[in-house]
Amino acid sequence: MCGIIGCVGRGEETLGTLVHGLSKLEYRGYDSAGVALGGTGGLGVLKRAGEIEALRAALEGRSEFSGSVGIGHTRWSTHGPPTDENAHPHLDCEGRVAVVHNGIIENYQALRDELAGAGHAFESDTDTEVVPHLIEAELAAGSSPEAAFRAAIGRLEGSFAIACLVAGRESVFVARNDSPLVLGIAEGATYLASDVPAFREFTDRVVYLEDGQFAELSPDGWVVTDAAGAVVEPPIETVSWDAEDTGKSGYDHFMLKEIHEQPRALRQCLRGRVDELGGSVTVEELGAFDPERVHLVAAGTSYHAALYGAQLLCADGIPAEAHYAHEYASSPPPAAGATVVGVSQSGETADTLAATREARRRGAATLAVTNTVGSTMARECDETFYIRSGPEIGVAATKTFAGQQTALNLLTQVVSEATPDRDVVSALRDLPGDIQAVLDGSSAEAVAETYLDADAYFFIGRGLNYPVALEGALKMKEISYEHAEGFAAGELKHGPLALVTENTPVFATVVGDDELARKTVGNIKEVEARNAPVVAVTDGESDAGRYADHTLEIPRTNRRTAAIVANVQLQLVSYHTAAKLGRPIDKPRNLAKSVTVE
Ligand code: M6R
């Protein structure tokens, strides 16, 4: 949801550093991009509608475009369409103040009216443009650049991570409220960005800014201050992953790389938490976690993980419900005694943060299950359980869904009244290998080829495989732009069956040969009787394969982990469908990885 970057101390490399950093932040938004360079002289600004490549091309041969400090932005439009004018950085009337912003300024219209009334001219539709004009007004009234920046920020309501250059000053001014912002600390250079990949190759030392904090980066170093202007000394943390983790490592797309990274990601999630010999589970972060009941709140793929987690907890006797975070925040259900668990890859999803904040407001204990160290959710919730999937760059969540499912299995084992289920623990240990077996032997690409001309794709499953059906459909929609729906298998005959034809393949996940599996096989027969092609994702224990046109096999394992493994087959079907249709898989239209607006 927009990415910002800035750097000081890179000399001649300033521009290249910004553009490279923006390419690492493109997952946050990619409809326009821009940079501003400054220092002791004036400002140079260039911005273009389109992906970073358009900006790169526009910068080609512009040797006059240089400066010792700089800021940059990649946009996901909220106010106004993706045009050159609406791209950031935004400037004041004289072109002496440049600002990049991630977030939403809620009172921008009132500020804009006030500034326009005082003679300021606006060139864009954005909320952001009020900021350089506010700073300009403060400078005109005699304030220093720091004081002008601070005063302007004090006028804003809403969410923001903002970076600003003022002509003639070799500094980047920074402020944060409700939008992520991290500093990168290196020898002789300092960086700021919405996320660490933007500068990871230059440093692994980071400072996560808190809401209400300001920073100034200059050739003399960096200083963080609080809302009152007092200097604070935030901890410097060390990032545990490498710069290469944010590259494609030879894969055509980040999504395919991340699908293939799942065995490694899950090993990391399980490491030190599952006792190989004793068959027990210990999660240090969950030491004090002993809920009476649990409300899981999340959005998108994370909501599907939450649904899956709620089923695990209920099965082990802990009352649990999964809620869409946006609904939970606006119409919270009675939650006496409930611990609220926010499930979020990024830890920055505004809807999910609103839900965990509402829970805290009502006095509930909160736990964040997230992938992102130092994220807002991790810092705001009482406890944090990291899924340790490593950086996920593709907009479509893949390895982090598996990580969330695995983490929620561990959580269930920890809080379950029963002693850890040895069968589940051993299945968790086998999980990376089971996924590797699917990756090595999947025929998903051939299945994708067969149904490339389908009118729509349907996904069904029961119990733990219901969230898998929803996730299968979401993945297909997001990256292939084809119509896809996921249903609880039992629900099909209550209406959606009317949509089923010989040109709507139905992907059914069937695990084991228990009553649930047999009922799902019954649903397969129902769609088959309507001539719909069936693809069974199955471990071969039931009759599903007999009635299916294609089978995508998974190893036999515990049904809890089977749902994680089965989903990998569906990820591959969506990936290959989208690839064959020539879709921009890592950057689907209209989407952004981290949705920081409600
Ligand atoms: O960062 P989060 O897990 O909170 O994000 C929630 C959703 O926005 C996210 O899962 C989205 O649905 C993905 N694009 C799914 O692939």
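The structure contained in this document is the topic of the report that follows. (Residues numbered from 1 in each chain as written. Predicted model: local features only at pLDDT ≥ 70, side-chain atom pairs only at ≥ 80, totals over all residues. Heavy atoms only, no water.)

Quick look at the side chain of His 73 now. Structurally, the position occupied by His 73 is in strand E4 (residues 69-75). With relative accessibility at 0%, the residue His 73 sits in the buried group. Polar contacts involving the side chain of His 73 include one to the main-chain carbonyl oxygen of His 101, which spans 2.8 Å. Among residues more than four places away in sequence, those in contact with His 73 are Cys 2, Gly 3, Ile 4, Leu 22, Ser 32, Ala 33, Gly 34, His 88, Val 100 and His 101. (Helix = DSSP H or I, 4+ residues; strand = E, 2+ residues; numbered from the N terminus. Buried < 20%, exposed > 50% of the residue type's maximum accessible area, 1.4 Å probe, protein only. Polar contact = N/O pair within 3.5 Å; in protein donor to acceptor, adjacent residues only side chain to side chain. Contact = heavy atoms within 4.5 Å.)

Going through the model one piece at a time under the given rule, you end up with 30 salt bridges. We note a salt bridge from Lys 475 to Glu 478, for which the minimum N-O separation is 3.4 Å. Of this pair, Lys 475 and Glu 478 both sit in helix H15 (residues 465-480), separated by 3 residues, roughly a single helical turn. You'll find Lys 475 and Glu 478 in the same group, each marked buried. When the shortest N-O distance is used, the salt bridge between Glu 485 and Lys 477 registers 3.6 Å. By relative accessible area, Glu 485 is classed as partly exposed at 25%. Shared partners join several salt bridges into a network, and the residues in it are Asp 245, Lys 257, Glu 261, Arg 264 and Lys 399. (Salt bridge = Lys/Arg side-chain N within 4 Å of Asp/Glu carboxyl O.)

A large share of strand E18 (residues 338-344) lies buried, amounting to 7 of its 7 residues. Two strands pair when backbone bridges link them, and strand E16 (residues 293-298) and E18 are joined in this way by 5 bridges, in the parallel orientation. The partner of Val 297 across the bridge, within E18, is Gly 342. Tracing the backbone out of E18, into helix H10 (residues 350-361) and back to the parallel element strand E19 (residues 366-370) gives a crossover that is right-handed. (Pairing = 2+ DSSP bridges. Right-handed = clockwise from strand over helix to strand, strands pointing away.)

Turning our attention to the packing of H15 against helix H18 (residues 559-580). In the contact formed by H15 and H18, the axes pass within 9 Å of each other and the chain directions differ by 15°. Between H15 and H18, the angle falls in the class roughly parallel. The chirality of how H15 crosses H18 is right-handed. Here H15 contributes Asn 465, Val 468, Glu 471, Gly 472, Lys 475, Met 476, Ile 479 and Ser 480 to the contact with H18, which in turn contributes Ala 563, Asn 567, Leu 570, Val 573, Ser 574, Tyr 575, Thr 577 and Ala 578. (Axes fitted to C-alpha atoms, helices over the stretch in contact; angles between N-to-C directions. Parallel < 35°, antiparallel > 145°, perpendicular 65-115°, else oblique. Left-handed = near helix turned anticlockwise from the far one by under 90°.)

Neighbouring the ligand are 15 residues; Ser 302, Ser 344, Ser 346, Thr 349 and Glu 478 lie closest to it. Between the ligand and Ser 344 there is a distance of 2.6 Å, counted from an oxygen atom to a side-chain nitrogen or oxygen. Contacts to the ligand include Gln 345, whose backbone N or O atom sits 2.7 Å from an oxygen atom. In isolation the ligand has 410 Å² of accessible area, and contact with the protein removes 91% of it. (Near = heavy atom within 4 Å. Areas by Shrake-Rupley, 256 points an atom, 1.4 Å probe, with all protein chains shown as cover.)

Another point: the nonpolar core. Counting 78 residues, the largest nonpolar core has Leu 296, Phe 385, Leu 410 and Phe 459 as the members making the most contacts within it. Broken down by element, this core gets its largest block of residues, 11 residues, from H18. Ranked by size, the runner-up nonpolar core spans 27 residues in total, among them Ile 5, Leu 46, Ala 189 and Phe 199. (Core = buried A, V, L, I, M, F, W, Y, C linked by side-chain atoms within 4.5 Å.)

Below, the discussion takes up the sheet that holds strand E1 (residues 3-8). Strand pairs in the sheet, formed through backbone hydrogen bonds, run parallel or antiparallel to each other. The strand order E3-E2-E4-E1-E10-E9-E11-E15 describes an open sheet built from 8 strands, whose pairing is antiparallel. The open sheet has two free edges, formed respectively by strand E3 (44-49) and strand E15 (237-238), since each of these has just one partner strand. Here strand E9 (residues 182-186) pairs with strand E11 (residues 205-208) via 3 bridges, running antiparallel. Bridge pairing in E11 links Gly 184 to Val 206. Packing against the sheet, helix H1 (residues 14-25) makes contact with E1, strand E2 (32-38), E4 and strand E10 (189-193), and its axis sits at approximately 155° to E1. Across the sheet, helix H2 (residues 52-59) is in contact with E2, E3 and E4; its angle to E3 comes to roughly 135°.

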